[in-house]
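One-letter residues, chain by chain:
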Amino acid sequence: MSVATTASEPDTKPAGLRASILQRLIVRPELGAFIGALVVFLFFSIITDKFFSALGVSNWLDDASTLGIMAVAVALLMIGGEFDLSAGVMTASTALVTALLAVNAGWNVWLALAVSLVFALAVGALNGWVVMRTGLPSFIVTLGTFLALQGLNLGVTRWITGTVQVSGIRGAGGYQSAGWVFASTTNIGDAHIQASVVWWIVLTVLAGIVLVRTRFGNWIFAVGGSLPSARAVGVPAARTKILLFMTTAFAGWVVGACNLLRFSSVQANQGVGLEFQYIIAAVIGGCLLTGGFGSVVGAALGALTFGMARQGIVFAGWNSDWFMLFLGVLLLAAVLVNTAFKKRAERVRR
Amino acid sequence: MRSPSVRSGGKRWRRLAPWIAAAAVLAACSGPGSDQTTPAQAPVEVGKLNTVAVVTHGSPGDAFWNVVKNGAEAAGTQLGVRVEYNSSGDPGQQAKLIDNAVAQGVDGLVVSMANPEALRTSVEKAISAGIPVVTINSGEAESVQFGAIGHVGQSERQAGEAAGKRLAAAGKRKMLCVIHEAGNIGANERCAGATQGFGTAVTLQVDINNPTDVQARIRGALESDPSIDAVLTLNSQIAARAVDAVRESKSKAGIATFDLNDDVVAAIRAGTLLFAIDQQQYEQGYLPVVMLKLYRSNLNSVGGGLPVQTGPAFVDKTNVDVVAGLVAQGTR
């Protein structure tokens with residue numbers, strides 16, 4: 001299962017070693033996530049009548065989408081062997097930069113979005129550069145960024161606006177077109193599909209292609225599997241990892257833009273604590289905490305499971321006091337299913 | 001891990017993917033700005049109120065919101081209405097909980113709007129789906145504008161101003177206003193109002209989830225500026241920490257707080273706390289259910305769309321004994 005070997009693995013295998021379809025399916029990292037999602041879906045579809053209605057589906061897809069956009073990027077980073085704890089706060093930081101420029105400085109929304117994108121990519125690059133330069137664990141480095149951004153969010157917002165929310169972006173120039181891209185709603189029958197769902201699907205497909213079909217994807221597996229070996233075979237490790245940190249920052253920008261333009265306001269304390277949900281979604285999706293293994297589609301399915309569980313509990317009308325317990329047990333169950341399959345997969349390989 | 005099985009057919013997908021993506025994005029048609037107009041109010045029909053969803057911005061386990069929940073559930077039990085309570089401090093998540101209630105087809109909706117802009121679309125969607133909405137606690141100004149049938153709450157700014165005036169009347173000269181939740185707009189409004197009513201004030205940021213830090217910071221603020229002779233806290237849990245901090249720092253500052261709990265009641269009795277501003281949030285849970293019931297069954301509205309004020313009520317030495325028992329049972 002080690003991926004350092006995968007990177008140099010020849011494309012064709014001797015026919016005798018080729019496993020059966022079932023076995024090939026079982027070794028997919030996203031299979032466990034798929035089964036977990038299916039179980040959660042069936043469970044809530046059976047015990048509630050509105051969960052599988054058009055409105056219900058659009059509701060939990062909506063919940064899963066912003067989480068999914070982040071989880072996909074975080075999964076790439078985790079496969080590359082790193083964490084980003086600043087990812088949650090990044091969604092608020094980018095939204096705040098956009099909102100302050102558009103509302104308080106009166107810029108066109110598109111221009112504000114462009115500047116906040118540059119800001120996000122810069123923070124991502126800084127994260128990656130510090131990690132690679134100092135050799136410190138990314139857990140520590142991005143924890144620092146997380147705290148710094150949290151302070152900046154509150155400090156700058158209060159300093160400029162005198163309050164802790166920035167709202168009123170609906171009145172800014174370019175809101176209509178930017179809102180169409182990031183926050184429009186598509187009505188398919190009774191289902192109202194948010195633009196974030198479309199973004200989620202598009203980014204999942206893109207990231208999936210990059211991961212399994214490109215050389216850069218190979219590099220991601222390589223640097224996550226074994227950094228020294230990756231370097232030894234000539235993988236540009238620093239560049240790969242810095243780009244991965246920039247990818248999570250980019251995802252944070254997308255989610256920030258979706259939230260800001262949809263809810264037309266942003267709160268300085270938004271996003272705090274969400275970074276763990278992204279990691280959880282990636283782990284449900286089959287990513288290892290140690291790097292070098294995982295899947296983008298799995299992470300998207302993990303986010304879907306999370307969204308279905310979170311909204312399903314509400315659909316079921318369960319007392320919200322127990323909400324976190326239900327969520328915890330469900331997620332644990334999903335991960336256990338996942339791990340069971342992974343173990344099985346490893347047996348098959350041997 | 002890369003499985004060789006993905007290889008077959010992968011080329012085609014690679015070529016198709018951008019087009020699928022483009023088509024998907026193009027399919028999205030209605031922008032978020034297009035629903036700016038006032039929501040179409042569904043025709044009112046006399047009917048039954050079976051289920052009410054209460055969606056607040058309180059974090060789970062918050063003592064304040066627990067009383068709101070108790071109020072809503074008590075009204076539900078008495079009127080034979082099923083009450084479902086859910087909450088999230090994140091505005092986006094709260095909006096999704098409202099969408100969820102609409103998808104469930106509840107008969108009435110109660111929403112606290114700490115961030116009205118973020119909830120606008122969801123609240124309007126509920127109203128155009130024929131679900132009457134009552135807003136509570138925050139969002140007084142936007143309530144009618146969004147199409148709610150009423151608002152039950154306390155104007156934070158007015159309550160803060162009343163608190164500030166009362167502290168000034170007690171002969172205090174310099175106030176420390178303690179903000180316990182950094183991003184909370186209500187807390188900011190209270191402090192702003194209090195400063196307006198009082199005169200000179202400094203604000204202090206603390207983290208409600210870390211009681212040690214709260215106490216240490218208040219003590220530090222008092223020690224570094226001995227001219228502070230009044231402390232205003234915005235939450236009952238913080239009030240208890242402020243009482244300890246004042247005692248430890250040997251400051252002579254008088255303390256006042258928003259909201260009640262057992263510690264606050266005991267401190268008012270002991271004379272270490274001047275007074276508490278009670279917004280009687282039990283009513284914010286209870287009254288909306290009654291209002292929705294009256295609206296559904298009798299087409300009544302309460303206050304003709306004007307907000308129903310639940311506070312500020314003051315609890316001090318004169319009435320603390322009567323209120324104490326009610327605090328203990330979770331209704332004050």
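Here the structure is a predicted model, which is why all the values come from computation and not from measurement.

The strands making up a sheet associate through hydrogen bonds between their backbones, and the pairing can be parallel or antiparallel. Residue and element names in this part refer to chain B. In space, the 6 strands of this open sheet follow the order E7-E6-E8-E9-E10-E12, with mixed pairing throughout. Sheet topology places strand E7 (201–205) and strand E12 (313–315) at the edges, where each strand pairs with a single neighbour. Recorded for the sheet is a direction-independent mean angle of 20° between the axes of neighbouring strands. Two strands pair when backbone bridges link them, and strand E6 (residues 175–179) and E7 are joined in this way by 5 bridges, in the parallel orientation. Paired with valine 178 across the strands is leucine 204, a residue of E7. In this fold helix H7 (residues 185–198) packs onto E6, E7, strand E8 (230–233) and strand E9 (254–258), with an angle of close to 170° to the strand it touches most, E6.

With that settled, the discussion passes to the packing of helix H4 (residues 54–79) of chain A against helix H12 (residues 237–263) of chain A. Residue and element names in this part refer to chain A. It is at 7 Å that the axes of H4 and H12 come closest, and there the two elements cross at 165°. As the angle between them shows, H4 and H12 are arranged roughly antiparallel. Of the two elements, H4 crosses H12, and the hand of that crossing is left-handed. Note on element contacts: H12 touches H4 through Leu244, Phe245, Thr247, Thr248, Ala251, Gly252, Val254, Val255, Asn259 and Arg262, opposite Asp62, Thr66, Ile69, Met70, Ala73, Val74, Leu76 and Leu77. Looking at the contact of H4 with H12 residue by residue, the class counts come to 11 nonpolar, 5 polar and 2 charged.

Moving on, we get to a nonpolar patch on the surface. Residues and elements named next belong to chain A. There is a patch of nonpolar side chains on the surface, built from Phe34, Leu38, Leu42, Phe43, Ile46 and Ile47 and spanning about 580 Å² of accessible area. Tracing the chain through its elements places isoleucine 46 in helix H3 (residues 30–47). Judged by relative accessible area, which is 70%, isoleucine 46 ranks as exposed.

This brings us to the state of the cysteines. Residues and elements named next belong to chain B. Scanning all chains against the criterion turns up 1 disulfide over all chains. A disulfide bridge connects cysteine 177 with cysteine 191, and the sulfur atoms are separated by 1.8 Å. Sign of the S-S torsion, about -105° for the bond between cysteine 177 and cysteine 191, identifies this disulfide as left-handed. On the criterion of sequence distance, the pair formed by cysteine 177 in strand E6 and cysteine 191 in helix H7 is long-range, its members being 14 residues apart. Looking at cysteine 177, the relative accessible area reads 0%, which means it is buried. The buried category is assigned to cysteine 191, whose relative accessible area is 3%.

Applying the stated criterion across every chain yields a total of 5 cavities of 30 Å³ or more. Looking at the largest cavity, its volume works out to about 110 Å³. Around the largest cavity, the lining residues are Leu55, Ser58, Asn59, Asp62, His192, Gln194 and Arg262 of chain A together with Asp99, Val102, Ala103 and Lys125 of chain B. Those elements that place two or more of their residues in the lining of the largest cavity are H4 and strand E3 (191–194) of chain A together with helix H3 (91–104) of chain B. Grouping the constituent residues of the lining of the largest cavity by class yields 3 nonpolar, 4 polar and 4 charged.

The rules behind these values
- Residues numbered from 1 in each chain as written.
- Chains lettered and ligands numbered in written order.
- Predicted model: local features only at pLDDT ≥ 70, side-chain atom pairs only at ≥ 80, totals over all residues.
- Heavy atoms only, no water.
- Pairing = 2+ DSSP bridges.
- Helix = DSSP H or I, 4+ residues; strand = E, 2+ residues; numbered from the N terminus.
- Axes fitted to C-alpha atoms, helices over the stretch in contact; angles between N-to-C directions.
- Contact = heavy atoms within 4.5 Å.
- Parallel < 35°, antiparallel > 145°, perpendicular 65-115°, else oblique.
- Left-handed = near helix turned anticlockwise from the far one by under 90°.
- Nonpolar A, V, L, I, M, F, W, Y, C, P; charged D, E, K, R; others polar.
- Patch = residues over 30% accessible without salt bridge, like charges linked within 9 Å, V, L, I, M, F, W, Y side chains within 5 Å.
- Areas by Shrake-Rupley, 256 points an atom, 1.4 Å probe, with all protein chains shown as cover.
- Salt bridge = Lys/Arg side-chain N within 4 Å of Asp/Glu carboxyl O.
- Buried < 20%, exposed > 50% of the residue type's maximum accessible area, 1.4 Å probe, protein only.
- Disulfide = S-S within 2.5 Å.
- 1 Å grid on protein atoms, 1.4 Å probe; cavity = no way out; pocket = protein on both sides within 12 Å on 5 of 7 lines; lining within 4 Å.
- Points joined across faces, edges and corners; volume = space filled by probe spheres on them.

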